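Read off the chains here:
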Amino acid sequence: MGFFSKPEIRQFNYTPRYWDPRKEEMEQRRARIRKQLQEERERAAQEESGWKPRVNADGEEEPRSYTHRTTLQHGFLREQRMRTAGDDNKMVKVAVVLAVVLFAYLAMRHFAI
């Protein structure tokens, strides 16, 4: 057991009470249509700029991979920011504890306790 006890891990068990398959199918269709419209907009913008996508041996367009890379980079940067924010909080706590200890020392010295 040790000197301090660790709390048990809480598990999250959620069971939905209502599921509407028509609504889910409609949302999937809307998402698919939005994706198609976005691809058409991108193709139109690419045609205007004169950019042509890479084509593999089968004659199919190769997907762009830079979007995944940027997502990973943003996640890494977000994690770094959170880590430094946590370090700042630790430094503040250490400074407060040191100030309290210093105040207690000076008070005891002044009142000769």
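Up top you'll find the structure we're talking about.
Conventions used here
- Residues numbered from 1 in each chain as written.
- Predicted model: local features only at pLDDT ≥ 70, side-chain atom pairs only at ≥ 80, totals over all residues.
- Heavy atoms only, no water.
- Helix = DSSP H or I, 4+ residues; strand = E, 2+ residues; numbered from the N terminus.
- Buried < 20%, exposed > 50% of the residue type's maximum accessible area, 1.4 Å probe, protein only.
- Areas by Shrake-Rupley, 256 points an atom, 1.4 Å probe, with all protein chains shown as cover.
- Patch = residues over 30% accessible without salt bridge, like charges linked within 9 Å, V, L, I, M, F, W, Y side chains within 5 Å.
- Salt bridge = Lys/Arg side-chain N within 4 Å of Asp/Glu carboxyl O.
- Lys, Arg positive; Asp, Glu negative; His and termini not counted.
- Charge placed at Lys NZ, Arg CZ, Asp CG, Glu CD.
- Phe/Tyr/Trp six-rings, centres within 6.5 Å; stacked < 30°, edge-to-face > 60°.

A. Fine view of the overall build of the protein. A count of helical and extended segments in the protein gives two helices and zero strands. Burial statistics for the protein: of 113 residues in total, 1% are counted as buried. A total accessible area of about 12200 Å² is found for the protein, and carbon and sulfur atoms account for 58% of it.

B. Local environment of a nonpolar patch on the surface. Together, Val-92, Val-96 and Val-100 give the surface a local cluster of nonpolar side chains, amounting to about 260 Å² of exposed area. Structurally, Val-100 is set in helix α2 (residues 66-111). Taking relative accessible area as the criterion, Val-100 reaches 52% and is therefore assigned exposed.

C. Summary view of a positive patch on the surface. On the surface, a cluster of positive charge is contributed by Arg-29, Arg-30, Arg-32 and Arg-34. Tracing the chain through its elements places Arg-30 in helix α1 (residues 21-49). Given a relative accessible area of 46%, Arg-30 falls into the partly exposed group.

D. Local environment of the packing of aromatic side chains. According to the stated counting rule, one finds one aromatic pair in the structure shown. Ring geometry for Phe-12 against Tyr-14: centres 6.4 Å apart, planes inclined by 10°, an arrangement best described as stacked. Given a relative accessible area of 59%, Tyr-14 falls into the exposed group.

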